[in-house]
Amino acid sequence: QVQLVESGGGSVQAGGSLRLSCAASKYTYGSYCMGWFRQAPGKEREGVASIDSAGRTRYADSVQGRFTISRDNAKNTLYLQMNSLKPEDTAMYYCAADAWPCWPTRDIYNYWGQGTQVTVSS
């Protein structure tokens, strides 16, 4: 089993920043592809970013240049640094683990966290 717990969400004004964290079960974390996803009310869950075991990243076009995904394998933690936030970034953000290939694609991950809310006001 892999357990994932997100934290760091909150409310910010447009143009602000937040850093989300996802704590994962230790010992196996470093070998997994990890991803961030988000879901706004009434919309389908969409991929935000992914990072593989070698640190290679992939981003959705909507966040590229503003968001950065990273991982600290020693701490078994995944991060999402979000800068220049926009109201359309408002959503519940989820981390996920264990996918192949390592893309931010909704239906290929085996483990999911419970989410953390991000609200961006204008």
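Further up the page is the structure itself.
Cut-offs used in this document
- Residues numbered from 1 in each chain as written.
- Predicted model: local features only at pLDDT ≥ 70, side-chain atom pairs only at ≥ 80, totals over all residues.
- Heavy atoms only, no water.
- Disulfide = S-S within 2.5 Å.
- Helix = DSSP H or I, 4+ residues; strand = E, 2+ residues; numbered from the N terminus.
- Buried < 20%, exposed > 50% of the residue type's maximum accessible area, 1.4 Å probe, protein only.

Q: Tell me about the state of the cysteines, and please be specific about residues and values.
A: Scanning the entire structure with this criterion turns up two disulfides. Between the sulfur of Cys-22 and that of Cys-95 lies a disulfide, 2.0 Å long from S to S. Negative torsions about the S-S bond denote left-handed disulfides, and the value of about 50° found for Cys-22 with Cys-95 makes this one right-handed. With Cys-22 in strand S3 (residues 18–24) and Cys-95 in strand S9 (residues 91–99), this residue pair connects regions lying 73 residues apart in the sequence. The exposure classification of Cys-22 matches that of Cys-95, with both residues buried. One disulfide in the model links Cys-33 with Cys-102; its S-S distance is 2.0 Å. Handedness of the Cys-33-Cys-102 disulfide follows from its S-S torsion of about 85°: it is right-handed. Of this pair, Cys-33 sits in the loop between S3 and strand S4 (34–39) while Cys-102 sits in the loop between S9 and strand S10 (109–112), and the two are 69 residues apart along the sequence. On the basis of relative accessible area, Cys-102 is assigned to the buried category, the value being 15%. In the protein chain, the cysteines engaged in disulfides, taken in order along the sequence, are linked 1-3, 2-4.

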